[in-house]
Amino acid sequence: QNIGNSDMIHFAFGLQRYMAPFWDQTWSKTPLNEGPKDFAVELVDKGEIRAGHKVLCLGEGFGFDATFFARQQCQVTATDFSSVAIGNINKRAKEENIELFLHGEVLDMRQLFSYADASFDIVCAFQSLMYFDDNAFRQIIKEIYRVLKPGGRVFISVRSPKFNLPPNIFLSPQDDTSGFALIT
């Protein structure tokens, strides 16, 4: 049976009430990897993200990238839909004594961001924007650019459903055989 577009949208919005418990359960598990993504490290190595930058990390999950940026003395606001994820991020910041550089807070990206215009030098959304329908995605992009300082940079990675590659593959954005694209 074919599902019409309006049926699919209704189905997707019906699932939203289950999103928080799903992500809370996901982020309460032991992670498979306890370090930043390769492309987060590459951004620091290339000087794209450096000490003193105000960085907004959207959909941060376990918080490894945000923690890595905070260790580089960036001022990092790590966000996630899950209060469990944010609790873990804030706990790690305290344990590592990087609370001055890392703050986590719950954010539903489908809502308007509470941050002032031009608040951040860098906005990162690593594998977190692919879960939204077109309208929500467009609204999130508008909010990203609203909170970005003039001359700021946005870094987005997404998992492409057309490729069956293992996670954390990074190839250049020009390489259309990559399972990920890093948009700079």
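In this report, the structure presented in the accompanying data block is examined. (Residues numbered from 1 in each chain as written. Predicted model: local features only at pLDDT ≥ 70, side-chain atom pairs only at ≥ 80, totals over all residues. Heavy atoms only, no water.)

1. Description of the environment of Asn 135
- Mapped onto the elements, Asn 135 comes out in helix H6 (residues 134–147).
- As a C-alpha pair, Asn 135 and Arg 110 span 25 residues in sequence and 9.3 Å in three-dimensional space. (Helix = DSSP H or I, 4+ residues; strand = E, 2+ residues; numbered from the N terminus.)

2. A word on helix H4 (residues 64–71)
- Counting buried residues along H4, seven of its eight residues qualify, which places the element largely inside the surrounding structure.
- Taken residue by residue, H4 has Phe 64, Asp 65, Ala 66, Thr 67, Phe 68, Phe 69 and Ala 70 as its buried positions.
- Packed against the buried residues of H4 are helix H3 (38–45), strand S1 (54–57), strand S2 (75–80), helix H5 (83–95), strand S3 (102–106) and strand S4 (120–126).
- Gln 73, located one to two residues past H4, shows a positive phi value of around 70°. (Buried < 20%, exposed > 50% of the residue type's maximum accessible area, 1.4 Å probe, protein only. Contact = heavy atoms within 4.5 Å.)

3. Examining the state of the cysteines
- All told, the structure shown has zero disulfides when counted by the stated rule.
- Between Cys 57, a free cysteine, and Cys 124, which holds the nearest cysteine sulfur, the sulfur-to-sulfur gap is 4.9 Å.
- Note on Cys 57: relative accessible area 1%, which makes it buried.
- Using a relative accessible area of 2% as the deciding quantity, one classes Cys 124 as buried. (Disulfide = S-S within 2.5 Å.)

4. What to know about the packing of aromatic side chains
- Within this structure, the stated rule accounts for five aromatic pairs.
- Consider the rings of Phe 68 and Phe 69, whose centres lie 6.0 Å apart with planes at 50°: the pair is tilted.
- Exposure remark for Phe 69: the relative accessible area of 0% places this residue in the buried category. (Phe/Tyr/Trp six-rings, centres within 6.5 Å; stacked < 30°, edge-to-face > 60°.)

5. Topic: the pattern of salt bridges
- Summed over the entire model, instances satisfying the criterion amount to nine salt bridges.
- A salt bridge links Asp 65 to Lys 37, with the shortest nitrogen-to-oxygen separation between them at 2.8 Å. Of this pair, Asp 65 sits in helix H4 while Lys 37 sits in the loop between helix H2 (19–27) and H3, and the two are 28 residues apart along the sequence.
- Assessed through its relative accessible area of 2%, Asp 65 is described here as buried.
- Between Glu 143 and Arg 146 there is a salt bridge; the shortest N-O distance is 2.9 Å. Separated by three residues within a single helix, Glu 143 and Arg 146 lie in helix H6, roughly one turn from each other.
- Owing to a relative accessible area of 6%, Glu 143 belongs among the buried residues under this scheme.
- Looking at Arg 146, the relative accessible area reads 25%, which means it is partly exposed.
- Where salt bridges share partners, they join Asp 117, Glu 143 and Arg 146 into one cluster. (Salt bridge = Lys/Arg side-chain N within 4 Å of Asp/Glu carboxyl O.)

6. Remarks on H6
- Here H6 spans 20 Å end to end across 14 residues, near enough to the 20 Å set by a 1.5 Å rise per residue.
- Of the positions making up H6, those classed as buried are Ala 136, Ile 140, Glu 143, Ile 144 and Val 147. Buried positions in H6, seen along its axis, are confined to an arc of 105° and lie on one side of it. The exposed residues of H6 that point more than 90 degrees off its buried face are Asp 134, Asn 135, Arg 138, Lys 142 and Tyr 145.
- On its buried side, H6 packs onto S1, S4 and strand S5 (148–159).
- The opening residue of H6, the one whose side-chain oxygen lies 3.0 Å from the backbone nitrogen of Asn 135, is Asp 133. (Expected span 1.5 Å × (residues − 1). Arc of directions from axis to C-beta. Polar contact = N/O pair within 3.5 Å; in protein donor to acceptor, adjacent residues only side chain to side chain.)

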